[in-house]
Each structure stands twice: as structure tokens, then as C-alpha cells.
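Here is what each chain is made of, one letter per residue.
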Amino acid sequence: MKNRKKHAVGLLAMGRVPEMALKIVSAHIYGYLNLSTCCLPALALPQECLDKKRLQYDAARIIQYLEGQSFPGCSKIIGLVEGDLFLPIFTHVFGEAQQGGTHAVISLARLQYRENGCRSPDSEFYERTAKVALHELGHLFNLFHCDDSQCLMHFSGTIETLDAIALNYCPYCRSFFTDACRRKELISLIK
Ligand SMILES: [Zn+2]
Ligand SMILES: [Zn+2]
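Keep in mind the model is a prediction, meaning the values are calculated, not measured.

## Overview of the side chain of Thr37
Next up, step 1: Inspection of the secondary structure assignment puts Thr37 in strand E2 (residues 37–39).
Next up, step 2: A residue is classified by how much of its surface remains accessible, and Thr37, at 12% relative accessible area, is buried.
Next up, step 3: In this structure the side chain of Thr37 is engaged in a polar contact, spanning 2.7 Å, whose partner is the side chain of Ser26.
Next up, step 4: Apart from residues lying up to four places away in sequence, Thr37 is in contact with His7, Val9, Leu11, Ser26 and Ile29.

## Some remarks on the sheet that holds E2
Next up, step 1: Read from one edge to the other, the open sheet built from five strands follows the order E2-E1-E5-E9-E8, with strand pairing classed as mixed. Each edge of the open sheet carries a strand with a single partner, namely E2 and strand E8 (95–97). Ignoring which end each strand starts from, the neighbouring axes of this sheet average 20 degrees apart.
Next up, step 2: As judged from the seven bridges shared by strand E1 (residues 7–14) and strand E5 (residues 74–81), these two strands associate in the parallel manner. In the strand pairing of E5, His7 is matched with Cys74.
Next up, step 3: Its contacts with the sheet place helix H1 (residues 19–33) against E1, E2 and E5, and it is angled at close to 160 degrees to E1.
Next up, step 4: Across the sheet, helix H2 (residues 59–67) lies against E1, E5, E8 and strand E9 (103–107), angled at about 135 degrees from E9, the strand it touches most.

## Quick look at the nonpolar core
Next up, step 1: In terms of nonpolar packing, the biggest core is built from 44 residues, with Ile29, Leu35, Ile78, Leu137 and Phe177 touching the most fellow members.
Next up, step 2: When residues of this core are traced back to their parent elements, those giving at least two are E1, H1, E5, E9, helix H3 (122–140), helix H4 (159–164) and helix H5 (171–183).
Next up, step 3: With eight residues, H3 is the largest single contributor of residues to this core.
Next up, step 4: Counting 20 residues, the second-largest nonpolar core is a separate cluster that includes Leu12, Ile63, Leu66 and Ile77.

## Some remarks on the environment of Leu167
Next up, step 1: Structurally, Leu167 can be placed in the loop between H4 and H5.
Next up, step 2: The exposure class of Leu167 is buried, given its relative accessible area of 19%.
Next up, step 3: For the pair Leu167 and Arg110, spaced 57 residues apart in the sequence, the C-alpha separation amounts to 18 Å.
Next up, step 4: Non-local contacts of Leu167, meaning those with residues more than four positions away in its chain, are made with His28, Tyr32, Glu127, Ala130, Lys131, Leu134 and Leu152.

## Looking at the pattern of salt bridges
Next up, step 1: Within this structure, the stated rule accounts for eight salt bridges.
Next up, step 2: In this structure, the salt-bridge partner of Arg16 is Glu82, at a minimum N-O distance of 3.0 Å. Of the two residues, Arg16 sits in the loop between E1 and H1 while Glu82 sits in the loop between E5 and strand E6 (85–87), which places them 66 residues apart along the sequence.
Next up, step 3: Taking relative accessible area as the criterion, Arg16 reaches 71% and is therefore assigned exposed.
Next up, step 4: The partly exposed category is assigned to Glu82, whose relative accessible area is 28%.
Next up, step 5: One continuous salt-bridge network, built from bridges that share partners, spans Arg114, Glu124, Arg128 and Asp163.

Criteria and thresholds
Residues numbered from 1 in each chain as written. Chains lettered and ligands numbered in written order. Predicted model: local features only at pLDDT ≥ 70, side-chain atom pairs only at ≥ 80, totals over all residues. Heavy atoms only, no water. Helix = DSSP H or I, 4+ residues; strand = E, 2+ residues; numbered from the N terminus. Buried < 20%, exposed > 50% of the residue type's maximum accessible area, 1.4 Å probe, protein only. Polar contact = N/O pair within 3.5 Å; in protein donor to acceptor, adjacent residues only side chain to side chain. Contact = heavy atoms within 4.5 Å. Pairing = 2+ DSSP bridges. Axes fitted to C-alpha atoms, helices over the stretch in contact; angles between N-to-C directions. Core = buried A, V, L, I, M, F, W, Y, C linked by side-chain atoms within 4.5 Å. Salt bridge = Lys/Arg side-chain N within 4 Å of Asp/Glu carboxyl O.

Structural data, given as C-alpha cells:
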């Protein structure tokens with residue numbers, strides 16, 4: 001059997017996702033959390049997860065779909081989704097994760113536009129992508145939403161609130177994260 005290198009976080013594109021988005025997320029996960037990542041083969045967006053009335057993808061169903069796939073050698077999985085995501089109680093979500101679990105998804109669809117509908121420069125798009133990915137990764141390590149409006153774990157439902165959040169965890173969330181990584185022995189996966 002081939003000796004597989006172990007990675008803390010596997011990243012994969014679902015649909016047409018710029019390669020740079022995967023690279024930016026990977027660089028931030030390593031840079032902020034010292035966790036290694038790998039890029040997994042891209043998957044097509046499963047059409048059974050598309051709500052034909054809403055013309056959006058059901059985030060929970062995409063996570064279920066990912067659960068049915070095998071990603072050997074990865075402790076956590078984040079899917080970067082081309083399409084817009086929703087949960088039944090929300091008009092849209094930027095991302096969704098299993099609390100304390102393995103799989104998360106983030107949608108790039110709305111991150112490319114400002115609140116007024118104008119297209120954002122790439123720098124804004126990639127910064128938002130990194131924020132949403134680090135937020136959902138926090139949920140995978142069982143971090144909950146944080147009251148600190150500057151913290152990455154603060155809930156954001158709009159581009160405006162997402163832009164207002166700093167690209168960093170507050171000291172409390174950061175130390176919780178480090179402890180969670182140690183408990184899961186991911187510390188051994190740190191490069
Ligand atoms: Zn959240
Ligand atoms: Zn926090």
C-alpha cells in the first residue's frame with residue numbers, strides 16, 4: 001500500500017472554483033493555525049442538492065454528500081462551492097459546518113460582490129473567502145459563535161458584517177482552537 005502523507009485539512013473545489021481561492025484558503029489555514037492542508041481532486045456539484053425552486057444548493061445536503069465520499073489521510077474537509085448555498089431557515093449562508101465534526105462547505109457565489117451588487121476586486125473576494133473558511137474550520141474544531149464583533153467566529157449573514165470582521169480570531173477563540181488541535185492530536189500534523 002502506498003504510504004499516504006497525513007494532512008490536517010483537505011480542500012476541494014465543487015464546481016468552477018478559481019485555483020487561487022484554494023491556495024489562499026490553504027495559505028491562511030497554515031499561516032494562522034499552523035495546520036497542514038492538501039488539495040483534493042475537484043468534484044462536480046451534485047445536482048440532487050440543487051433546490052429547483054430556490055435555485056440554490058442545500059448546504060446540509062452537500063455536507064451529507066461529502067460524508068458519503070472517502071478522503072483518506074485528511075482529518076477535516078472543506079468544500080469550496082461555486083453555487084449559492086442555503087439552509088431552510090436562511091435566505092442564504094456563506095458556509096456551513098458540522099459542529100465539532102469533519103465536513104464543511106463554503107460558497108464563493110456571494111463573496112465576489114459588494115452589498116450594492118457591484119463586483120468586488122479580487123483582493124476583497126479572496127479576503128472574504130479566507131474569513132469564511134477559517135470561520136467554518138472553527139466550527140469543525142467545535143468553536144461556537146463569538147460575541148466579539150471583530151472575531152472570525154462572529155456570525156455574519158451579510159457581506160457588510162463579513163467585511164467588518166477582522167481576519168483573525170480573538171484571543172479566547174484562538175486559545176480554544178489551539179487546545180482543540182492538541183486534543184485531537186493534530187499537533188503531530190503541524191508542519
Ligand atoms: Zn458560524
Ligand atoms: Zn472569538
